[in-house]
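In case you want the letters, here they are:
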Amino acid sequence: MICNNLSINKAGHLCFAGQDTTELAAKYGTPLYLMDEDRIRERCRTYLVAMREAFDERATALYASKAASFKQMYRIMKEEGMGIDVVSSGEIYTAVSVGFPMEKAYFHSNNKTDADIAYAMENGVGYFVVDNREELDAIEHLATERGMTQKVLLRLTPGIDPHTYAAVATGKVDSKFGSAIETGQAEQITAYALSLPHVHLSGYHCHVGSQVFDSDVFLRAAAIMLDFAAKMKETYGYELEELDLGGGYGVRYLEEHPEIDIAANIRQVGRAVKEQCKALGLQLPAVRMEPGRSIVADAGMTLYSVGTVKRIPGYKNYVSVDGGMTDNPRFALYHSPYTVLLANRPEADAPRFRCSVVGRCCESGDILQENVPMPQDVARGDLLAVLTTGAYNYSMASNYNRIPKPPIVMLRQNESFFAVRRESFSDICQNDL
Ligand code: LLP
């Protein structure tokens, strides 16, 4: 199986985190998001331990909470000792509501409004990851009003193409994010930040993209950032305290995707960063990484009930489910691959046919996956599982067609419980007047 939290029991049913998916579907209904909490915790520890070993005790991982943001996630991160990356006042609100220690929160976004900045300051957000000069002005102004000094990292674009899909590549010079080293804007914003009395420049941040497999991408990004840091030390006498290397590693959606050894990769980055700091005469900064996808992706699965099965002779076959682009827009947006199985009979030996697994929305683009092999006799009432849906599914879900969002059921040490309850029709209408 693609991931070791999947198995098949004696009844021939797909199990996730050791629990029978057919029983979970019967108990909680479909569509249903499942999250393996033990797996999430394991992944946090992998990053934290590896980073401390590779760099030093100050190094830490920040969970990029855009990947899956709900209260239980921030509780887990608090308990595991992770920092968090937040990108909106809504994420800040959710983290604060469960008592997350906000001094460990890093506030991103290419366009923070004055209201966002004030809200983050009021809630004690530790760091702002500053995108641009106007944001620095707003921070200086609002920090002065509050008689405080705000710690910031500057988001810089190192000019690297991470060879992932365009929508998630962010570190190129031509990007809506950050200030480019290549154009001199990174230097300008550094000098400007150093001139502001209510801004404390803690260091630099970069993020080259998401779903990155090339292990040298982080090495190249770190090298460019440290060269820049050394130049700033020489020019302005400013030495960075923190270096944030951005998002985490890619994950396996299909069997043929490579499995990344996260700890080994981090050790490699650690060795390179330490050597380069020495060569450039820099102190080793406190290093941060911001994994989102690799913390939660394979801790997630979505279960659906099969409805209409349509065979169009000479054309295509369609298997419809009771969810779709509303709970998982990633195929519609990025053509993202997923592994799809029949959970009630994953090893059915009936001859296979190829189909598109489609949702229930009123649009043809509502596709979860194309070219999926299914048993020939797949029929209404079968239970279908889409694997590896823990990242960027719930967090990107919508109410298109007024379809309620599925609940999130956490699986923890052979128990299951709601982390997010099923949305009702009245929830959907609650702001309608
Ligand atoms: N840090 C920053 C500044 C980011 O922009 C991101 C992701 C991360 C960290 C986390 O990266 P990860 O470890 O998850 O690769 N909706 C898209 C993904 C957008 C990613 C945006 N930034 C998707 O569904 O593939």
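Each value, and the rule that gives it
Residues numbered from 1 in each chain as written. Predicted model: local features only at pLDDT ≥ 70, side-chain atom pairs only at ≥ 80, totals over all residues. Heavy atoms only, no water. Domains from an automatic or database assignment. Contact = heavy atoms within 4.5 Å. Buried area = accessible area lost by both parts, 1.4 Å probe. Salt bridge = Lys/Arg side-chain N within 4 Å of Asp/Glu carboxyl O. Polar contact = N/O pair within 3.5 Å; in protein donor to acceptor, adjacent residues only side chain to side chain. Nonpolar A, V, L, I, M, F, W, Y, C, P; charged D, E, K, R; others polar. Buried < 20%, exposed > 50% of the residue type's maximum accessible area, 1.4 Å probe, protein only. Helix = DSSP H or I, 4+ residues; strand = E, 2+ residues; numbered from the N terminus. Pairing = 2+ DSSP bridges. Right-handed = clockwise from strand over helix to strand, strands pointing away.

**Description of the domain arrangement of the chain**
(1) Moving on: As assigned here, the chain comprises domain 1 (6-36 + 297-429) and domain 2 (108-291).
(2) Moving on: Computed from C-alpha coordinates alone, the two centres of domain 1 and domain 2 are separated by 36 Å.
(3) Moving on: Residue-level contacts link eight residues of domain 1 with nine residues of domain 2.
(4) Moving on: Summing both partners gives a buried area of about 730 Å² for domain 1 against domain 2, and 61% of it is carried by carbon and sulfur.
(5) Moving on: Three residues, Tyr334, Pro337 and Thr388, lead the burial of domain 1 against domain 2; their summed loss comes to 51% of the area buried on that side.
(6) Moving on: Joining domain 1 to domain 2, the criterion identifies zero salt bridges.
(7) Moving on: Inspection of the domain 1/domain 2 interface yields one residue pair in polar contact (both at pLDDT 80 or more).
(8) Moving on: Of the residues that constitute the side of domain 1 that touches domain 2, the class distribution is five nonpolar, two polar and one charged.

**Let's talk about the pairing of strand E6 (residues 83-86)**
In summary, the side chains of a regular strand alternate between the two faces of the sheet.
(1) Moving on: Covered by surrounding structure in E6 are Gly83 and Asp85 together with Ile84 and Val86, the residues of both alternating faces.
(2) Moving on: Pairing between strand E5 (residues 60-64) and E6: three bridges, direction parallel. Across the sheet, the residue bridging to Tyr63 is Ile84, located in E6.
(3) Moving on: Bridge count between E6 and strand E7 (residues 105-107): three bridges; the pairing is parallel. Following the sheet pairing, Asp85 is matched in E7 by Tyr106.
(4) Moving on: A crossover connection joins E6 to the parallel E7 through helix H4 (residues 89-97); in handedness this β-α-β unit is right-handed.

**Considering the side chain of Arg43**
(1) Moving on: Residue placement: Arg43 occurs in helix H2 (residues 37-54).
(2) Moving on: Polar contacts involving the side chain of Arg43 include one to the main-chain carbonyl oxygen of Ser294, which spans 3.3 Å.
(3) Moving on: Here Asp298 takes part through its side chain, which lies 2.4 Å from a polar atom of the side chain of Arg43.

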